[in-house]
Amino acid sequence: MVNKKNLLALLVLIVAAGGVFYIYQQSDEKKIEKRFARLSELFSKDDLEPALLMATKVKGIGSLFAKNCIIESSDRLRSGNYSPEQITSHAASARALFRTLKLEFYDVEIALSGDGKAATTVTGMISGLSKQGETFNETYEMEVDLVKLEEDWFFSAIRMVEVLKK
Amino acid sequence: MDKESLKKFIFPRMSNLYMIRMALVALSAYLFFSYICIPISIRGISMEPTYPDGGVNLIWRLAHAFSAPERFQVVGVRLAGEKVMLLKRIVALEGETVEFRGGRLFLDGKPVDEPYIKYPCDWTLGPRTVEKGNVYVVGDNRNMPIRNHVFGQTSKKRIVGVPLW
């Protein structure tokens, strides 16, 4: 039978794990992960999304970005410097083309530089159904930089990594 | 099996030995399915009909432990990590020139038979040489416009392994 000593050791382990988990929740890494989760939540949409919810979500997307966000992609038309307002406007236009949208982030690797900046690499997966009824599923590797302003993290640069070169 | 033995089998005694055995089984399963044989679910149609959308498989990571990736092998190509991979077929190795003419694959100027291609294809892509340390990967479903199909050359270091079936 499991004796009292083992039960006590198990209890101590559980408490220690709980402590580590609590500390991790307060860390910059966790805050950054939550930022990606928030972007994913705001960008995604269901069919027949109410107009008020759409407006709130689109406005929220812009609020996650720094005053100047650099976007670099192989598509030169999309590359450039964007303000939060421009991001909001582009996000609204993009979302309007689709009936459903799902943005997911995986494998978020975070490197903190200690001066309020963070460099991350992440896999972004976007899928959905267009207004014409076409399904799509695209995956990207991205290098995303964030800056910390008053305890919050904001996206400041997004670079698309060319994994396969035609 | 008598009633008592059956009861023991379904509800074993939680002895220290039993707990250790359980922990070892859980640890072994975690290590095996995280680092040696990665379970995947297939999303998308780029490898149809060989690997249909919604299928499941396991990526065998030790496939290239003692051998180099080979032409026509299907491989998992990692992105930022290994939670999401691209499933593609190697069609050319480093130093080879790849080209598509009227939907047909040409390697170093010679046409190549691809029995795994089941759908019609009309792709045209000018010749390009695969750089050192790279392989050229393409999906089996070439019945989609070339601009919509994700393919091209990638570093061999990105290859995670091969699907088990």
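Bear in mind the structure is a predicted one, so any value in this text is a computation, not a measurement.

(A) Structural detail: the overall build of chain A. Regarding its fold elements, chain A presents four helices and six strands. Its helices and strands taken in sequence order, chain A reads α-α-α-β-β-α-β-β-β-β from the N to the C terminus. What you see for chain A is a C-alpha radius of gyration of 20 Å, clearly larger than the 15 Å of a compact globule of 166 residues, by over 25%. Summarising its shape, the C-alpha atoms of chain A cover approximately 65 × 40 × 40 Å along the three principal directions. For chain A, the residues scored as buried account for 19% of the 166 residues in total. If you take every contact in chain A between residues at least 6 apart in sequence, the share linking residues at least 24 apart comes to 52%.

(B) Examining the environment of Arg147(B) more closely. Residues and elements named next belong to chain B. Take Arg 147: it is sitting in the loop between β9 (134–138) and β10 (152–155). In this structure Arg 147 comes out as exposed when scored by C-beta crowding, with 6 C-beta atoms within 10 Å. With 41 residues separating them in the primary sequence, Arg 147 and Phe 106 have C-alpha atoms 19 Å apart.

(C) Structural detail: the nonpolar core. Counting 49 residues, the largest nonpolar core has Ile61(A), Phe155(A), Val77(B), Val91(B), Tyr136(B) and Val137(B) as its most contacted members. With six residues, strand β4 (residues 85–92) of chain B is the single largest residue contributor to this core. Once residues within four sequence positions are removed from consideration, Val77(B) is found in contact with Val163(A), Met85(B), Leu86(B), Lys88(B), Val137(B), Thr154(B), Arg158(B) and Ile159(B).

(D) Broad picture of the pairing of strand β5 (residues 135–149) of chain A. Residue and element names in this part refer to chain A. Of the pairings in the sheet, the one linking strand β4 (residues 117–130) to β5 comprises 13 bridges and is antiparallel in character. Along β5, the bridge assignment pairs Gly 128 with Phe 136. Where β4 folds back onto β5 in an antiparallel hairpin, the turn is made up of four residues, including Gly 133, whose phi is positive at roughly 90 degrees. Where β5 lies against strand β6 (residues 152–161), nine bridges are found, and the strand directions are antiparallel. The residue bridging Glu 141 from the neighbouring strand is Val 161, located in β6. Hairpin geometry of β5 and β6 is characterised by an intervening segment of two residues between the two adjacent antiparallel strands and by a positive phi of about 50 degrees at Glu 150.

(E) Just the sheet that holds strand β5 (residues 97–101) of chain B, in detail. All names here are of chain B. Ordered by their spatial adjacency, four strands build an open sheet running β7-β6-β5-β8, and the pairing between neighbours is antiparallel. Edge positions in the sheet fall to β7 (110–111) and β8 (125–129), since each has one partner strand and no second. Pairing geometry for strand β6 (residues 104–107) and β7, over two bridges, is antiparallel. Bridge pairing links Leu 107 to Lys 110 in β7.

Definitions and cut-offs
- Residues numbered from 1 in each chain as written.
- Chains lettered and ligands numbered in written order.
- Predicted model: local features only at pLDDT ≥ 70, side-chain atom pairs only at ≥ 80, totals over all residues.
- Helix = DSSP H or I, 4+ residues; strand = E, 2+ residues; numbered from the N terminus.
- Rg over C-alpha atoms; globule rule 2.2 N^0.38 Å.
- Buried ≥ 20, exposed ≤ 12 C-beta atoms within 10 Å, placed from the backbone.
- Contact = placed C-beta atoms within 7 Å.
- Core = buried A, V, L, I, M, F, W, Y, C linked by C-beta atoms within 7 Å.
- Pairing = 2+ DSSP bridges.

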